[in-house]
Amino acid sequence: MFDRLQAVEDRYERLTELLSDPDIVNDSKKLREYSKEQSDIQETVDSYREYKNVKEQLVDTREMLDSEKDPDMHEMVKEEFNLLKAQQEELEERLRILLIPKDLNDNKNVIMEIRGAAGGDEANIFAGDLFRMYSRYAETQGWKIDIMEATPNPMGGYKEVIFMINGQGAYSKFKFENGAHRVQRVPATESQGRIHTSTATVACLPEVEEVDVEIHEKDIRVDTFASSGAGGQSVNTTMSAVRMTHLPTGVVVSMQDERSQIKNREKAMKILRARVADMYMQEAQKEIDATRKSAVGSGDRSERIRTYNYPQNRVTDHRIGLTIQKLDQIVEGRLDEIIDTLILEEQASKLERLNDDL
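Residues numbered from 1 in each chain as written. Predicted model: local features only at pLDDT ≥ 70, side-chain atom pairs only at ≥ 80, totals over all residues. Heavy atoms only, no water.

**Q** For this particular structure, what's the right way to read the sheet that holds strand β3 (residues 158-166)?
**A** Two modes of strand pairing occur in sheets, parallel and antiparallel, and in both the strands are linked by backbone hydrogen bonds. Within the open sheet, the 8 strands sit side by side as β2-β3-β1-β5-β4-β9-β10-β11. Their pairing is mixed. Only two strands of the sheet have a single neighbouring strand rather than two, namely β2 (144-152) and β11 (322-324). Adjacent strand axes in the sheet meet at a mean angle of 15 degrees when their direction is disregarded. Pairing analysis gives 7 bridges linking strand β1 (residues 110-116) to strand β5 (residues 196-206), with the strands arranged antiparallel. Note on β5: the bridge partner recorded for E113 is A203. (Pairing = 2+ DSSP bridges. Helix = DSSP H or I, 4+ residues; strand = E, 2+ residues; numbered from the N terminus. Axes fitted to C-alpha atoms, helices over the stretch in contact; angles between N-to-C directions.)

This is how it looks when you write it as structure tokens:
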């Protein structure tokens, strides 16, 4: 572990030198890249330096403890030694956690896509309930929600809704929502009072900047058409709607939410960039040994991750075996208990793998 920490500190020192190099200062891309890298390892370096300082104090205190003859002074030095020892152990644990590989997307905004799946109208109504739940949670965090595309369902909810949540760390909170969500309840349209099971799928993609993934203009086919409303009737006679196709991957994005073609292009490009990056990431993930799968699941879109049981006021997250009898609060956006538990499970899993490698 300490070899890794020393390597991190050495890299920090090298970055300090690079950031004072005139050639780097005049290169905005490299300056931003190196500044971010140094900022990302700042806490680890500070904690490691504190650890080394405490370790030196322990050596000095141990020598005093071995040589001190006066009983009162010996007791004082012993107390100081024990405090330093406890501090050393605390710093070691903190450093282990800081060495856990970080998800580079955690601080980004998140693009979420919710679609009704099995269950007809009830699945679409449930998709709307999930959108409301996530929106309420985002509001409690002070994050802004921007609906990018929505296809309302005549009976309520959405057949599909795509939206962005803008806020520091939004992706880190929502990334565990990938997968199939299942609801068990009596639908409003059910006259016999029978419980139905329906599903909706959720996809969470980190917002991707141009510098993060390179998409060449020649690789995109853009088609324009008049936007349409319910039933297919034209609601805009101008060719403002946009369909973008990324030819190398076949990823397609349609956008008609805005009256301006320029704004629809901007929104479509954001989603296209995120979906293409996600496709590449999913392909890379498949190459990882199955034994190293995270405790919170693979992130596969088809994986059933959670059940919302209304009759029993129960929510169960199947990946970690968590059951909470607070469905009425959770659907109002009080997701902290679930999200915090998933984050801790992921950290524990990564820490276990790290310890195996050390």
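The structure having been displayed, the exposition proceeds.
**Q** I would appreciate a short explanation of the environment of I111 in the present structure.
**A** Counting through the fold element by element, I111 comes out in strand β1. For the pair I111 and F174, spaced 63 residues apart in the sequence, the C-alpha separation amounts to 9.5 Å.

**Q** Help me understand the nonpolar core, please; the structure alone is not making it clear to me.
**A** Most often, soluble globular proteins have nonpolar side chains that are buried together. Ranked by size, the top nonpolar core spans 36 residues in total, and within it M112, I114, L130, Y134 and I165 carry the most contacts. Elements with a contribution of two residues or more to this core: β1, α5 (121-140), β3, α6 (170-174), β5, β11, α8 (327-330) and α9 (336-357). Core analysis: the second largest hydrophobic core is formed by 19 residues, I111, M164, I215 and M255 among them. (Core = buried A, V, L, I, M, F, W, Y, C linked by side-chain atoms within 4.5 Å. Buried < 20%, exposed > 50% of the residue type's maximum accessible area, 1.4 Å probe, protein only.)

**Q** Looking at this structure, I do not really get the side chain of K267. What am I missing?
**A** Summarising the element assignment, K267 is placed in helix α7 (residues 261-286). In contact with K267, other than residues within four places in its own chain, are D146, I147, M148, M255, D257 and E258. (Contact = heavy atoms within 4.5 Å.)

**Q** Is there a simple way to think about helix α1 (residues 2-18) in this case?
**A** Residues lying three or four places apart along an α-helix face the same way, a consequence of the helix completing one turn every 3.6 residues. Relative to the 24 Å expected for 17 residues at 1.5 Å per residue, α1 spans 24 Å between its end C-alpha atoms, a close match to the ideal helical length. Buried residues belonging to α1 abut α2 (22-25), α3 (28-67) and α4 (71-98). (Expected span 1.5 Å × (residues − 1).)

**Q** What's the story with unusual backbone geometry in this structure? I'm lost.
**A** In most cases, non-glycine residues show a negative phi, while peptide bonds are predominantly trans. One non-glycine residue with positive phi stands out, namely N313, at about 50 degrees. Tracing the backbone through its elements, the reader meets N313 in the loop between β9 (304-309) and β10 (314-317).

**Q** Teacher, can you tell me more about the sheet that holds strand β6 (residues 220-225) here?
**A** Reading across the sheet, the 3 strands line up as β6-β7-β8 and stay open at both edges, with antiparallel pairing between neighbours. Only two strands of the sheet have a single partner each, and these edge strands are β6 and β8 (251-255). Shown here is a sheet whose adjacent strand axes are inclined to one another by a mean of 15 degrees, direction ignored. Where β6 meets strand β7 (residues 241-246), 6 bridges bridge the pair, whose relative direction is antiparallel. In the strand pairing of β7, I220 is matched with H246.

**Q** Would you mind showing me how to read the pattern of salt bridges here?
**A** Any two side chains of opposite charge can pair if their charged atoms end up close together. Per the counting criterion, the structure on display carries 25 salt bridges. Salt-bridge contacts for R185 lead to E122; the nearest nitrogen and oxygen are separated by 2.5 Å. In this pair, R185 is assigned in strand β4 (residues 179-185) and E122 in helix α5, connecting sequence segments 63 residues apart. Taken as a pair, R185 and E122 share a single burial class, namely buried. Between R306 and E177 there is a salt bridge, and its shortest N-O distance comes to 2.7 Å. Here R306, found in strand β9, pairs with E177, found in the loop between α6 and β4; they are 129 residues apart in sequence, far enough to count as distant. Among the residues examined, E177 registers a relative accessible area of 1% and is labelled buried. Because the salt bridges share partners, they merge into one network encompassing E9, E13, R49 and K52. (Salt bridge = Lys/Arg side-chain N within 4 Å of Asp/Glu carboxyl O.)

**Q** Just to check I follow, could you spell out the pairing of β1 for this structure?
**A** With 5 of 7 residues buried, β1 lies mostly within the body of the structure. Pairing geometry for β1 and β3, over 6 bridges, is antiparallel. Looking across to β3, one finds that M112 is bridged to F163.

**Q** How should I be thinking about the packing of α1 against α3 in this particular structure?
**A** Helix packing geometry: the angle between the two helix axes and the distance between the axes. Here α1 crosses α3 at 130 degrees, and the two axes come no closer than 9 Å. Our classification of the angle between α1 and α3 gives oblique. Like other packed secondary-structure pairs, α1 and α3 cross with a definite hand, here left-handed. Within the contact between the two elements, α1 uses F2, L5, Q6, V8, E9, R11, Y12, E13, L15, T16 and L18 and α3 uses Y34, E37, Q38, I41, Q42, T44, V45, Y48, R49, Y51 and K52. For the contact of α1 with α3, a count of residues per class yields 11 nonpolar, 5 polar and 6 charged. (Parallel < 35°, antiparallel > 145°, perpendicular 65-115°, else oblique. Left-handed = near helix turned anticlockwise from the far one by under 90°. Nonpolar A, V, L, I, M, F, W, Y, C, P; charged D, E, K, R; others polar.)

**Q** Which parts of the structure should I look at to understand the environment of V276?
**A** Tracing the backbone through its elements, the reader meets V276 in helix α7. V276 sits in the buried class, given a relative accessible area of 0%. Not counting the four nearest positions on each side in its chain, V276 is found in contact with I215, H246, T249 and V251.

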